[in-house]
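Structural description and commentary
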Amino acid sequence: MIEDLTFAQRERLEYIDFRLMFFGFVARSDLTEQFKIGPASSSRDFSLYKELAPGNLELRHETKRYYSRKAFKPLFDHDVEIALKNLANQKKNSVSSETKIRSVDSVSLIKAQPEIVSSLTKAVINSSVIKIEYASLSSGITQREILPYAFLNSGHRWHIRAFDRKSNEFRDFVCTRILSAEIVENAKVASHEKQINDDEWVNEVTLQLVAHPAHEHPKAIELDYQIQDHQLELTLKVAEAKYLLRFWNVDVTPQHSLSAQTHHLWLKNSAEIRKNNRLAGALALAPGNNFQGSENG
């Protein structure tokens, strides 16, 4: 029957499917607002969706929303990269403005599994605890309970920022290394596990980036990065600054001692950042840093 749908019908059903998969819920009002249709048309779309996938959703009258069931199977193929970028851009079929999905760069070369991302996005949106099976480079495969609240794109892959109950600290987890993910129903969250206590998320750092002083033709670099007046200042969360410095291959040594041929940018205020314990984590992954740190797993 999907093949017999008009383009407009298919677009609306795909939207319902997307919301159920990545949000865990959808309301008729979402459909009417997104597509500027009337309540009667919205009701027909939901009836058609239920006819095509009767096991995918259930209506809860107390909230006037349809919720995805555990046996949910998407009717359409949803590209995970497009889904996360839509969420990051705060589009209409995206997450609410309170949810943070950050991206250092728009290109991601490694794709996470849709069913894993679906569980993670629903956990973020609904502030849920989630049980995961995670493959770490340092610990192998472990079982963990995490409280995820934000996505970060390092430029190469997606990470989920979360409180990890196993290590009792806030960490980044690589989405592609999550083997399974399941929402823990009715789980309680302690105050110290909440996002507000994550120093790397709460604290911001200002990066003073300049063309590498040892480079013979700094103007070319300044044009690449649109540097005005010989310096580019970026203020980012500590949690995302570490990925940007790594992705752009920035020399963070105090005396710009790395090769200018492979490190086109230098972090001018690296010494000041390193002295501040609240901000030093921003240098954890950067070239030439002597602060011990790495991506989690």
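On a predicted model such as this, the values are computed, not experimentally measured, just so you know.

What follows is about the overall build of the protein chain. Per the secondary structure count, the protein chain includes 9 helices and 12 strands. Counting every position in the protein chain, which comprises 297 residues, the buried fraction comes to 47%.

Along the chain, the position of Asp45 falls in helix α3 (residues 39-52). Excluding residues within four positions of it along the chain, Asp45 makes contact with Arg12, Leu13, Ile16, Leu31 and Ile37.

A few words now on the packing of aromatic side chains. In the structure shown here, the tally under the stated rule is 11 aromatic pairs. Arranged with centres 6.3 Å apart and planes meeting at 75°, the rings of Tyr149 and Phe170 form a pair that is edge-to-face. Within this pair, whereas Tyr149 is found in strand β6 (residues 140-153), its partner Phe170 is found in strand β8 (residues 169-174), the two being separated by 21 residues in sequence. Assigned by exposure class, Tyr149 and Phe170 land together as buried. Geometrically, the ring pair formed by Tyr225 and Trp248 is tilted, given 5.1 Å between the ring centres and 55° between the ring planes. Taken together, the residues Tyr225 in the loop between α7 (218-224) and β11 (232-237) and Trp248 in the loop between α8 (238-247) and β12 (265-267) connect sequence positions 23 residues apart. Here Tyr225 falls in the partly exposed class, since its relative accessible area comes to 23%. The exposure class of Trp248 is partly exposed, given its relative accessible area of 22%. Three or more aromatic residues link up through ring pairs in this structure, and these residues are Phe18, Phe22, Phe23, Phe25 and Tyr67.

Formed by 45 residues in total, the largest nonpolar core has its most connected members in Ile16, Tyr49, Phe151 and Ile178. Looking at this core, the element that brings in the most residues is helix α1 (residues 7-22), giving 7 residues. Setting aside residues up to four positions removed in sequence, Tyr49 forms contacts with Leu13, Ile16, Asp17, Leu20, Asn56, Leu57, Phe72 and Leu75.

Here we come to the pairing of strand β10 (residues 204-211). Of the pairings in the sheet, the one linking β10 to β11 comprises 6 bridges and is antiparallel in character. Across the sheet, residue Leu207 finds its bridge partner in β11, namely Leu234. With 3 bridges connecting them, β10 and β12 associate as antiparallel partners. Each bridged residue has a counterpart across the sheet, and for Leu209 the counterpart in β12 is Leu267.

The sheet built from 3 strands is open, its strands ordered β11-β10-β12 with antiparallel pairing. In the strand order of this sheet, the two ends are held by β11 and β12, each with one partner. The sheet shows a mean angle of 35° between the axes of neighbouring strands, direction not considered. α8 contacts β10, β11 and β12 of the sheet and is inclined by roughly 130° relative to β11.

Turning next to the sheet that holds strand β2 (residues 57-60). Here we have 3 strands laid out as an open sheet, ordered β1-β3-β2, and antiparallel in their pairing. A strand with exactly one partner marks an edge of an open sheet, and here the two such strands are β1 (25-26) and β2. Pairing geometry for β1 and strand β3 (residues 65-68), over 2 bridges, is antiparallel. Each residue of the ladder has a partner; that of Phe25, found in β3, is Tyr67. The strands touched by α3 within the sheet are β1, β2 and β3, with β2 carrying the most contacts at an inclination of about 135°.

The next subject is the pattern of salt bridges. Taken as a whole and assessed by the stated rule, the structure comprises 13 salt bridges. Here Glu169 and Arg171 are joined by a salt bridge, their closest N and O atoms 2.7 Å apart. Given a relative accessible area of 35%, Glu169 falls into the partly exposed group. Through salt bridges that share partners, Arg161, Asp172, Asp198, Glu200 and Lys242 make up one connected network.

Once that is clear, we can look at the layout of surface pockets. Roughly 890 Å³ of volume is contained in the largest pocket. Every residue lining the largest pocket is counted, 30 residues in all, and those nearest its centre are Ser68, Lys70, Lys122, Ile183 and Glu185. Of all elements in the fold, only β2, β3, α5 (114-125) and β9 (178-184) reach the threshold of two or more residues within the lining of the largest pocket. Per-element tally for the lining of the largest pocket: the top contributor is α5, with 6 residues. When its residues are assigned to classes, the lining of the largest pocket shows 14 nonpolar, 8 polar and 8 charged.

The next subject is α8. For α8, the buried fraction is high: 8 of the 10 residues fall into the buried class. Turning to α8, its buried residues number three or more, namely Val238, Ala239, Glu240, Ala241, Lys242, Tyr243, Leu244 and Leu245. Asn249 sits one or two residues past α8 and shows a positive phi near 60°.

Conventions used here
- Residues numbered from 1 in each chain as written.
- Predicted model: local features only at pLDDT ≥ 70, side-chain atom pairs only at ≥ 80, totals over all residues.
- Heavy atoms only, no water.
- Helix = DSSP H or I, 4+ residues; strand = E, 2+ residues; numbered from the N terminus.
- Buried < 20%, exposed > 50% of the residue type's maximum accessible area, 1.4 Å probe, protein only.
- Contact = heavy atoms within 4.5 Å.
- Phe/Tyr/Trp six-rings, centres within 6.5 Å; stacked < 30°, edge-to-face > 60°.
- Core = buried A, V, L, I, M, F, W, Y, C linked by side-chain atoms within 4.5 Å.
- Pairing = 2+ DSSP bridges.
- Axes fitted to C-alpha atoms, helices over the stretch in contact; angles between N-to-C directions.
- Salt bridge = Lys/Arg side-chain N within 4 Å of Asp/Glu carboxyl O.
- 1 Å grid on protein atoms, 1.4 Å probe; cavity = no way out; pocket = protein on both sides within 12 Å on 5 of 7 lines; lining within 4 Å.
- Points joined across faces, edges and corners; volume = space filled by probe spheres on them.
- Nonpolar A, V, L, I, M, F, W, Y, C, P; charged D, E, K, R; others polar.

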